[in-house]
Amino acid sequence: MTIKTLSQHGVQRQQMPCLTKMERMIISMQDPDMGIKLRNQRLLITVIPHAMTGADIFEWLIKKFSISDEEALHIGQIFVKYGYIYPLKEPRNLILKVDNSPYRFQTPYYWMSTRWPASELDYAIYLAKKNIRKQGELIEYEKECYNALHKRINHTWDFVVMQAREQLRASKQRRKADRIVLECQEQAYWLVNRPPPGTLDNIDHGPERRTTNTRVQLNADFYKKEIEHNRISLARNRVKSSICLESYVKYCEQYQPHDPIMQGCLPSNPWITDDIMFWNMNCETVSVPTKLRVERWSFSFMELLSDPVGRKEFLTYLEKEFSAENLCFWQACEDVRHGETSKIPGKVDEVYKQFLAPGASRWVNIDSKTMEKTLEGFKRPHRFVLDDAQMHIYFLMKKDSYPRYLKSDLYKNLLARAVVPQETKKSVLPFIHRQRHSSPSPALATQAAEDDGKTKNSNSFKSNSGTASRL
Amino acid sequence: MGEMEQMKKEAEALKTQIEAARKAVHDTDMASAASGVAPAPRVQLKTRKNLKGHLAKIYAMHWSTDNRLMVSASQDGKLLIWDSHTGNKVNAVPLKSSWVMTCAYAPSGNLVASGGLDNMCTVYNLKTPVIKTVKELDAHTGYLSCARFLSDTEILTASGDTTCALWDLETGKQKTVFLNHVGDCMCLSLSPDMNSFVSGACDSLAKLWDIRDGQCKQTFQGHTSDINAISFLPSGNAFITGSDDCTCKMYDLRADQEVIGYQDAALNSGVTSLALSMSARLIFAGYDDFNCNIWDSLKGEKVGVLSGHDNRVSCTGVPPDGMCVCTGSWDSFLKIWN
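Computed from a prediction, not measured in an experiment: that's the story for all the values here.

Regarding the overall build of chain A
Line of reasoning, step 1. Counting secondary structure elements, chain A contains 21 helices and six strands.
Line of reasoning, step 2. Here chain A holds 471 residues, and 44% of them are scored as buried.
Line of reasoning, step 3. Here the analysis covers contacts within chain A between residues at least 6 apart in sequence; of these, 61% occur between residues at least 24 apart.
Line of reasoning, step 4. Accessible surface for chain A amounts to roughly 25600 Å². Of this, 54% is attributable to carbon and sulfur atoms.

Shown next as structure tokens:
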């Protein structure tokens, strides 16, 4: 029982399969032996049969699934929001109150999975009934909907009114209690399916999407391009999966110690302990970087270049080697690539004067072929005109200076001096009152015990509700 | 047979050959390649922060590069900038059109962008005394599904009109339009080296584009329904997609094909969003069934669940330092987990 919508090509899309789970629970709640005990509730002067209190629902959920108060309330709210349980008092307020407010189960006829989407015609009939039954019964937004519908489906309006009258006549023949129940059910259904403006619409599915957009014409031109694209694709060089996957596995393993979610972090994860020392120790302007950070520079040249502290250190090293102009050139090229378009000609000019012109103060060594191509491109400077030259220098640094830097004393000393932060014990901050779940139930007891006092590199973090997956 | 029919057949024939070539290099699968790796521990994350402030469905969120600030967009017509660690709302940007579907934070932290059913991408400057609209990028003929800044001067957008576009923020004009998809484009992800990006669309295909020459370089198939979410791996050699067909897939650029799929017979709701942990070992995928499932990318197994939202998880994000995961939902709340 999932809701299926038909897309324009008749392909069914499954939506909201969680409803199946909800409905299973609702059915077990109504089990004559193990379900909630239903009794008669007094509503003003009438007695409504088969009703229960909010507290009943709440307690039953806690007992049946051994969950905490918070979670029981949460699940109960979902049932009310999706229309499986509705309140008898204050029907417009779709929340679960854990007291003796009366609630009833919605009849399966009105379940989301049986009658969705709610049709305009049905809504019109419902509003018409309300209008006929008692003048002035429709509230503001309902009046607006009523008028809008009247305009939109005017051609069937006679039918709408006729149906409304018929249904009202049939209901008059029922016992009062039954009539009230049926009215409540219907009202609850429409409150969920046509919520007043401003309230959260629980049923909305997002904007309309097209699998094959009519904007794209599947004509000869299109297929010509497809063929061309496929030809190029066929000719491309493909690397063996084994090689690709191996490098991926290596990457994961290399970065695992740096992944805070997998292995925690020192001094402590700011999200767990509220202590922001980690961020302070790793900010851009820190004078002594952490060990992990310095280690990462050895993973790849890009890692070193993307870290401002790394770049600074590398520049110092290059200055000693008298090849600092390479890094400066690379940075200048980055500036051209990512800067404002209007400034490109000016910047390119500067780069030429400083780095590429014969006799330039910071001349960089580029092979003649690349130089020729670059100079040609200068005639019409664009964002990527320096790309080839930049690549050349990048690879020069990567193959030559970078490996030597990693072996240099400069790097080794930095690594030795690098900080390994002390772990912040949670007990250091005893006065911070962390919000805890009230009275953890037996299922969570083991978790709660392990929970206390741990910010270490432990691979088990605690969940606040893993039980939803038990449904 | 008409000329067009012939061309269609030729294109199909080439596709079959491509599939054969792909199969030929697929000499192993992830299970074998990762057989030596220890399984990931059972991951149980707790909600550390519950960010309340939006009044309607949250459609998108994006972390800033400073790891603390983030922007979220909701159909109550607001962009909220949060200091997520303290839970304070640093800024609120009222939107002209409340039908927003995406938002983005510039790497510099100076700009944010939003867009949606108004077909426009609006860029705001956060650093002026009063938040100002810098540009309204108006050239798409369909809704804006995703936007990502390359820098303060360039932004990439994906649209329901089946195109993606690269814009110059100085002039407000499209510099390059990427045409090839036949269905609505739903998502995009920039490569780490910023030379290319991948896009996912309702035609079930993911495509790799070269930003410099505007061409579609590679096309990846395998999904059977709309691709809602896409994310490059930090290594830049592969990317992961999430789709309405309830599965996630990893595609490798060099092997030119799918290398592993993440699915479970018990999961029958679509994937709406995804994010990767810093080492790319864990995939956080948000689903229509209100949960966010955690996958071990190497073993292809589900290792955890983030439950707590009352409605579809519409967006997920991991900050650059990998410290936590943020999920945003149609229930109007954002949750930070660790």
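Following the structure, the description resumes.
Overview of the sheet that holds strand S5 (residues 88-94) of chain B
Residue and element names in this part refer to chain B.
Line of reasoning, step 1. In space, the four strands of this open sheet follow the order S2-S3-S4-S5, with antiparallel pairing throughout. Strands with a single pairing partner mark the edges of an open sheet, and in this sheet they are strand S2 (58-63) and S5. The mean angle between the axes of side-by-side strands here comes to 20°, regardless of whether they run parallel or antiparallel.
Line of reasoning, step 2. Of the pairings in the sheet, the one linking strand S4 (residues 78-83) to S5 comprises six bridges and is antiparallel in character. Paired with Lys-78 across the bridge in S5 is Pro-94.

A short note on the packing of aromatic side chains
Line of reasoning, step 1. Summed over all chains, the structure comprises 31 aromatic pairs over all chains.
Line of reasoning, step 2. On the numbers, 6.3 Å between centres and 20° between planes, the contact of Tyr123(A) with Tyr126(A) is stacked. You can see Tyr123(A) and its partner Tyr126(A) sitting in helix H4 (residues 120-133), three residues apart, about one turn around the helix.
Line of reasoning, step 3. Here Tyr123(A) falls in the buried class, since its relative accessible area comes to 3%.
Line of reasoning, step 4. Put simply, the rings of Phe301(A), Phe314(A), Tyr317(A), Tyr394(A), Phe395(A), Tyr402(A), Tyr405(A) and Tyr411(A) pair up and form one aromatic cluster.
Line of reasoning, step 5. The lysine or arginine in question, Lys52(B), covers the ring of Phe333(B), its NZ or CZ lying 5.6 Å from the ring centre.
Line of reasoning, step 6. Taking the ring centre of Trp330(B) as reference, the NZ or CZ of Lys57(B) above it sits at 5.0 Å.

Considering the nonpolar core
Soluble, globular proteins show a tendency: their nonpolar side chains are buried together.
Residues and elements named next belong to chain A.
Line of reasoning, step 1. By size, the foremost hydrophobic cluster in this structure holds 36 residues, and its most contacted members are Trp-297, Phe-301, Phe-314, Phe-329, Leu-356, Leu-386 and Met-397.
Line of reasoning, step 2. Residue contributions to this core peak at seven residues, all from helix H16 (residues 324-338).
Line of reasoning, step 3. Once residues lying within four places of it in the same chain are set aside, the contact partners of Phe-314 are Phe-301, Leu-304, Leu-327, Met-397, Ser-401, Tyr-402 and Tyr-405.

Notes on the sheet that holds strand S15 (residues 196-201) of chain B
Residues and elements named next belong to chain B.
Line of reasoning, step 1. Read from one edge to the other, the open sheet built from four strands follows the order S14-S15-S16-S17, with strand pairing classed as antiparallel. On the outer flanks of this sheet lie strand S14 (185-190) and strand S17 (216-220), each paired with one strand and no other. Ignoring which end each strand starts from, the neighbouring axes of this sheet average 20° apart.
Line of reasoning, step 2. By the bridge criterion, five bridges tie S14 to S15 in an arrangement that is antiparallel. Paired with Leu-188 across the bridge in S15 is Ser-199.

Describing the interface of chain A and chain B
Accessible area lost on assembly of the parts is the figure often given for the size of an interface.
Line of reasoning, step 1. Chain A puts 88 residues into the contact, and the matching count from chain B is 111 residues.
Line of reasoning, step 2. Around 8800 Å² of area is buried between chain A and chain B when both sides are counted, 57% of it from carbon and sulfur atoms.
Line of reasoning, step 3. The largest per-residue losses of area from chain A upon contact with chain B belong to Tyr248(A), Ile261(A) and Trp271(A), which jointly make up 10% of the total buried on that side.
Line of reasoning, step 4. The tally of links from chain A across to chain B stands at five salt bridges.
Line of reasoning, step 5. When the shortest N-O distance is used, the salt bridge between Arg231(A) and Glu10(B) registers 2.6 Å.
Line of reasoning, step 6. Classifying every residue of the side of chain A that touches chain B by side-chain character gives 34 nonpolar, 28 polar and 26 charged.

Quick word on the domain arrangement of chain A
Line of reasoning, step 1. The assigned domain composition of chain A is domain 1 (16-113), domain 2 (117-203) and domain 3 (283-417).
Line of reasoning, step 2. For domain 1 of chain A and domain 3 of chain A, the distance between their C-alpha centroids amounts to 66 Å.

Here we look at the UniProt feature "repeat: WD" (unreviewed entry) in chain B
All names here are of chain B.
Line of reasoning, step 1. UniProt feature "repeat: WD" (unreviewed entry): in the numbering of this structure it lies at residues 51-92, 137-177, 178-219, 220-261 and 306-338.
Line of reasoning, step 2. When the span residues 137-177 is considered, its composition is 0% helix and 59% strand, and the gap between its end C-alpha atoms is 13 Å.
Line of reasoning, step 3. In this annotation, residues 178-219 is assigned 0% helix and 55% strand; the end-to-end C-alpha distance for the span is 13 Å.

Observations regarding the packing of helix H2 (residues 54-65) of chain A against helix H3 (residues 69-81) of chain A
All names here are of chain A.
Line of reasoning, step 1. It is the contact of H2 with H3, at a shortest axis distance of 9 Å, that shows an interaxial angle of 120°. Between H2 and H3, the crossing angle belongs to the class labelled oblique. Crossing of H2 against H3: the hand is right-handed. Of H3, the residues touching H2 (which contributes Phe-58, Leu-61 and Ile-62) are Asp-69, Ala-72, Leu-73, Gly-76 and Phe-79.
Line of reasoning, step 2. Here the residues of the contact of H2 with H3 are counted per class, giving six nonpolar, one polar and one charged.

Observations concerning unusual backbone geometry
Line of reasoning, step 1. The backbone phi angle of Ser66(A) is positive, close to 50°, even though this residue is not glycine.
Line of reasoning, step 2. Secondary-structure assignment places Ser66(A) in the loop between H2 and H3.
Line of reasoning, step 3. Backbone geometry at Ser204(B) places phi at a positive 65°, although glycine is not the residue there.
Line of reasoning, step 4. Relative to the helices and strands, Ser204(B) resides in the loop between S15 and strand S16 (206-210).
Line of reasoning, step 5. On the basis of relative accessible area, Ser204(B) is assigned to the buried category, the value being 13%.

Details of helix H1 (residues 3-25) of chain B
Line of reasoning, step 1. Here H1(B) spans 34 Å end to end across 23 residues, near enough to the 33 Å set by a 1.5 Å rise per residue.
Line of reasoning, step 2. Taken together, the buried positions of H1(B) are occupied by Met7(B), Ala11(B), Leu14(B), Ile18(B), Arg22(B) and Val25(B).
Line of reasoning, step 3. Considering only its buried residues, H1(B) is in contact with helix H8 (220-235) and helix H9 (241-255) of chain A together with S17 and strand S21 (257-262) of chain B.

Overview of the side chain of Ser196(B)
Line of reasoning, step 1. Residue position: Ser196(B) is located in strand S15.
Line of reasoning, step 2. Every residue in contact with Ser196(B), bar those within four places of it in the chain, is listed here: Leu190(B), Ser191(B), Leu208(B), Trp209(B), Asp210(B) and Ile211(B).

Re the environment of Ala33(B)
Line of reasoning, step 1. Here Ala33(B) shows up in helix H2 (residues 30-33).
Line of reasoning, step 2. Taking the C-alpha atoms as reference points, Ala33(B) and Leu298(B), separated by 265 residues in sequence, lie 8.6 Å from one another.
Line of reasoning, step 3. Look past the residues within four positions of Ala33(B) in its chain and what remains in contact with it is Leu245(A), Val249(A) and Thr28(B).

Brief notes about the environment of Leu318(A)
Residues and elements named next belong to chain A.
Line of reasoning, step 1. Relative to the helices and strands, Leu-318 resides in helix H15 (residues 308-320).
Line of reasoning, step 2. In this structure the C-alpha to C-alpha distance between Leu-318 and Leu-73, which are 245 residues apart in sequence, comes to 63 Å.
Line of reasoning, step 3. Not counting chain neighbours up to four residues away, the residues in contact with Leu-318 comprise Ser-323, Ala-324, Leu-327, Met-397 and Ser-401.

What counts, and at which threshold
- Per chain, the residues get numbers from 1 upward, laid out in the order the sequence is written.
- By the order in which they are written, chains take letters starting at A while ligands take numbers starting at 1.
- Where totals are concerned, whole chains, interfaces and linings use all residues; where local detail is concerned, this predicted model gives features only for residues with pLDDT of at least 70, and gives and counts side-chain atom pairs only at 80 or more.
- Excluding hydrogens and water, the side-chain figures rest on all heavy atoms present in the structure.
- Runs of E in the DSSP output that reach at least two residues are strands. Runs of H or I that reach at least four are helices, and both are numbered from the N terminus.
- Relative accessible area decides the class of each residue, using a 1.4 Å probe on protein chains only: under 20% of the type maximum gives buried, over 50% gives exposed, and in between gives partly exposed.
- The criterion used for residue contact is that any of the two residues' heavy atoms lie within 4.5 Å.
- Reported accessibility uses the Shrake-Rupley method at a 1.4 Å probe radius. Residues are deemed covered only where the shown protein chains occlude them.
- One requirement defines pairing of two strands: DSSP has to find at least two bridges between them.
- A fitted line through C-alpha atoms represents every axis, and for helices the fit uses only the stretch in contact; the resulting angles, taken between N-to-C directions, go from 0 to 180 degrees.
- Paired rings are identified among Phe, Tyr and Trp, the last through its six-membered ring, by centres lying within 6.5 Å, and are further divided according to the angle between planes into stacked (under 30 degrees), edge-to-face (over 60) and tilted (the rest).
- For a ring to carry a charge above it, either NZ of a lysine or CZ of an arginine must fall within 6 Å of the ring centroid while also lying within 35 degrees of the normal to the ring plane.
- Nine residue types can take part in a nonpolar core, namely buried Ala, Val, Leu, Ile, Met, Phe, Trp, Tyr and Cys, and a core is a set of them joined through side-chain atoms within 4.5 Å.
- Summed over both partners, the accessible surface that disappears when two parts come together, traced with a 1.4 Å probe, is what is meant by buried area.
- A carboxyl oxygen of Asp or Glu within 4 Å of a side-chain nitrogen of Lys or Arg is what we treat as a salt bridge.
- Polar here means any residue other than Ala, Val, Leu, Ile, Met, Phe, Trp, Tyr, Cys and Pro, which are nonpolar, and Asp, Glu, Lys and Arg, which are charged; Gly is therefore polar.
- For the domains described, the bounds stem from an automatic or database domain assignment.
- UniProt positions are given in the numbering used here, feature names are shortened, and annotations may be inferred rather than shown by experiment.
- Working rule for angles: under 35 degrees goes down as roughly parallel, over 145 as roughly antiparallel, 65 to 115 as roughly perpendicular, anything else as oblique.
- Crossings are assigned a handedness: left-handed for a near helix turned anticlockwise from the far helix by less than a right angle, right-handed for a clockwise turn.
- Helix span, expected: 1.5 Å multiplied by one less than the number of residues in the helix.

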